[in-house]
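# Structural features, examined
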Amino acid sequence: MSERLKKMRLHHDTRFPNVRTIKTRSHSRDDCFFHGLPSEVFHMILDLLSVVEMSVLCTVSKKFCGFIMDYIDTFSWRKKHIFRDFHPPSCTERRQNFKHYRDIGLLFKKCTMLLPTKKRLRYVFRKFSVVPCLMYAQCCVPNCTGFACLGVFLQTLLAGWSGEEIQKVFFFLCEQTGMFSRIESSFSGKQGARELTEIQLRNFCRNVFLNHWSDQKEYQFWLVELLNPWPLVVQAQLLFILFGPLMPDGTVGWREPVETLLTNNCLWDLAKAILHLFSHSGVKGCTTGSVLAIVEELVGIPHRWEDENIARLLILCGRNICYTILVNKLLSGRLAEMSRCLVFIVLVCEKECYHMNWAAKLVHQICKVITPVSQRFKFIEQLELMFSEVTKEMFESAILGNNPDDDDTLDSLQILDSIARFHTRFLFMFIEY
């Protein structure tokens, strides 16, 4: 039968030489035009395409994907697209670098989509491991944008991945960079003893894992993954390294909250991190109780902070978190400590020109928690005594300073103004009700 078919086909070809034969897709599967080109010529064609155009080409077929992956493996492509100037002087160049690495993230996402997760990560890591600025502790130039570019790349690469896969990425990066051992070593001695390790850890974690997520849930996910493996004391120290105030020389300012009065800008990153943790409470390893314990540890690093700095941090966290922390102090029998904190919250509201109604409503909200009338009276009495005690402390400090222009003198005057404004709002609130 097969011989007969061959004769019929030969007879057909000799009678109709000009008739084209139609090839189906299955017939032409191995006869790709580009497959017949020398690799050098095909690479010259790909060299004319942008990174985004190459990522689109990856979706044509598996064979095209293989061609492009072979091209990415060449040194000429890495030199052109991976090796960049990560110390650009202008913001425009920085933005161009971020856009370029976002496009590379899309290319790697498309060309490796058929590979298992671990193979995808190894493939990416091999390409980036030759660039010092993209590797942990390889570049010591201040303001290097390498980690930020890597963070933008990861954000694009991981878009749409499941939580389980993203967790694999986190542990893969920790394994490759030895981050867990570096975190452990940074807490083995006195705070600030390993300044370079601390600032490298801060830059890497913030720029690679945290800064580029616009979605709050993604940010929370990475923050919780960073903190969860450690005990609460270490979690508080790690939060301080990542988000605490910096010294003028760029090192972590461990003693700043203890010795100086900080501005809102210095404490805002810490407050934002606490907000994210509270909004993520209920997740395994991150409960309201554990977050409260972390905050308690945080304001005692390396020693107890200035009262005003604690009050400022609580105000930045917002009324709900501030209320939760203060009520926790009340229920644990620390009435004097809570009252002192409230006094300094009132003082910060006066200094920053916040509406005193905020503090008055906070105190009124706490009063509702105290059910027996006698205990409620005791709370108000303790608060008033604390106003008096703090005022005396400030006046004594101002007198001992013997300087009428001293900050202590100004504080003592502001505490009087704050008391008057607070009581006005607080009493008016009861008149309204």
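Our subject is the structure that appears above.
All values derive from a computational prediction rather than experimental measurement.

## Concerning helix α11 (residues 195-210)
What sets the pattern is the α-helix's 3.6 residues per turn: residues three or four places apart point alike. The end-to-end C-alpha distance of α11, which contains 16 residues, comes to 21 Å, matching closely the 22 Å that a straight helix rising 1.5 Å per residue would cover. Looking at α11, one finds that the buried residues are E198, I199, Q200, L201, R202, F204, C205, R206, V208, F209 and L210. Residues of α11 that are buried sit in contact with α8 (146-157), α9 (163-177), α10 (179-186), α12 (216-227), α13 (232-243) and α15 (264-279).

## Overview of the packing of aromatic side chains
Think of a pair of aromatic rings as described by two things: how far the centres are apart, and how the planes are tilted against each other in angle. In this structure the tally under the stated criterion is 25 aromatic pairs. Relative to F204, the ring of F147 lies with its centre 5.1 Å away and its plane at 90°, an arrangement referred to as edge-to-face. Here the residue F147 occupies a position in helix α8, and F204 occupies one in helix α11, the gap between them amounting to 57 residues. This pair shows no difference in class: F147 is buried, exactly as F204 is. Ring geometry for F204 against F209: centres 5.6 Å apart, planes inclined by 90°, an arrangement best described as edge-to-face. Neither F204 nor F209 differs from the other in exposure class; each is buried. Ring-pair connections join several aromatic residues into one group, and the members of that group are Y136, F147, F170, F171, F180, F204, F209, W213, F221, W222 and W230. Over the ring of Y123 we find K127; its NZ or CZ atom is 3.8 Å from the centre of that ring.

## A closer look at the pattern of salt bridges
Side-chain pairs of opposite charge can arise where the charged atoms are in close proximity. Scanning all chains against the criterion turns up 15 salt bridges. As a salt-bridge pair, E308 and K351 come within 2.9 Å of each other at their nearest N and O atoms. You can see E308 sitting in helix α17 (residues 307-317) and its partner K351 sitting in helix α19 (residues 335-351), a full 43 residues away along the chain. Ionic contacts of the salt-bridge type, sharing partners, join the residues E296, K329, R334 and E337 into one network.

## A look at the side chain of R202
Here R202 lies in helix α11. Within the buried set, R202 has no salt-bridge partner at all; the shortest N-O distance to an opposite charge, 4.7 Å, is to D269. Discounting chain neighbours no more than four positions away, the residues touching R202 are F240, I241, L242, F243, G244 and L246.

## Observations regarding unusual backbone geometry
The linkage connecting I301 with the following residue, P302, adopts the cis geometry, with an omega of -10°. You will see that A137, though not glycine, has its phi angle at about 60°, which is positive. Take A137: it is sitting in the loop between α7 (117-128) and α8. Phi is positive for C353, close to 60°, though the residue is something other than glycine. C353 sits in the exposed class, given a relative accessible area of 70%.

## Thoughts on empty space enclosed by the protein
Inspection of every chain in the model, using the stated rule, returns three cavities of 30 Å³ or more. Computed from the structure, the largest cavity encloses a volume of approximately 150 Å³. Surrounding the largest cavity, 16 residues form its lining, V124, F125, F128, L150 and L173 being those nearest its centre. At the level of secondary structure, the elements contributing two or more residues to the lining of the largest cavity comprise α7, α8 and α9.

## Quick notes on the packing of α11 against α12
The contact between α11 and α12 brings their axes to 10 Å, and the two run at 145°. Considering how the two elements wind past one another, α11 and α12 form a crossing that is right-handed. Across from C205, F209 and L210 in α11, the residues of α12 making contact are Y219, W222, L223 and L226. Class assignment for the residues of the contact of α11 with α12 results in seven nonpolar, no polar and no charged.

## Let's talk about the layout of surface pockets
Space inside the largest pocket adds up to approximately 630 Å³. For the largest pocket, the lining is made up of 25 residues, of which V141, P142, N143, I199 and N203 are closest to its centre. Broken down by secondary-structure element, the contributors of at least two residues to the lining of the largest pocket are α8 and α11. When the residues that make up the lining of the largest pocket are grouped by side-chain class, the tally is twelve nonpolar, nine polar and four charged.

## Considering a nonpolar patch on the surface
Taken together, the side chains of F75, F83 and V130 present a nonpolar region at the surface, about 270 Å² in accessible area. One can find F83 in the loop between α5 (75-81) and α6 (91-111). Residue classification places F83 among the partly exposed positions, given a relative accessible area of 33%.

## Here we look at α15
If you check α15, its first and last C-alpha atoms are 21 Å apart, about what 16 residues at 1.5 Å a residue would give, namely 22 Å. Taken as a whole, α15 has its buried residues at N264, L267, L270, A271, A273, I274, H276, L277 and F278. At its buried positions, α15 is contacted by α12, α13, α16 (288-298), α17 and α18 (319-331).

## Structural notes on the packing of α15 against α16
Here α15 crosses α16 at 160°, and the two axes come no closer than 10 Å. Considering their axes alone, α15 and α16 lie roughly antiparallel with respect to each other. In terms of crossing hand, the pair formed by α15 and α16 is right-handed. Two secondary-structure elements touch here, α15 through L270, I274, L277 and F278 and α16 through T288, V291, L292, V295 and L298. Here the residues of the contact of α15 with α16 sort into eight nonpolar, one polar and no charged.

Conventions adopted
Residues numbered from 1 in each chain as written. Predicted model: local features only at pLDDT ≥ 70, side-chain atom pairs only at ≥ 80, totals over all residues. Heavy atoms only, no water. Helix = DSSP H or I, 4+ residues; strand = E, 2+ residues; numbered from the N terminus. Expected span 1.5 Å × (residues − 1). Buried < 20%, exposed > 50% of the residue type's maximum accessible area, 1.4 Å probe, protein only. Contact = heavy atoms within 4.5 Å. Phe/Tyr/Trp six-rings, centres within 6.5 Å; stacked < 30°, edge-to-face > 60°. Lys NZ or Arg CZ within 6 Å of the ring centre and 35° of its normal. Salt bridge = Lys/Arg side-chain N within 4 Å of Asp/Glu carboxyl O. Lys, Arg positive; Asp, Glu negative; His and termini not counted. 1 Å grid on protein atoms, 1.4 Å probe; cavity = no way out; pocket = protein on both sides within 12 Å on 5 of 7 lines; lining within 4 Å. Points joined across faces, edges and corners; volume = space filled by probe spheres on them. Axes fitted to C-alpha atoms, helices over the stretch in contact; angles between N-to-C directions. Left-handed = near helix turned anticlockwise from the far one by under 90°. Nonpolar A, V, L, I, M, F, W, Y, C, P; charged D, E, K, R; others polar. Patch = residues over 30% accessible without salt bridge, like charges linked within 9 Å, V, L, I, M, F, W, Y side chains within 5 Å. Areas by Shrake-Rupley, 256 points an atom, 1.4 Å probe, with all protein chains shown as cover. Parallel < 35°, antiparallel > 145°, perpendicular 65-115°, else oblique.

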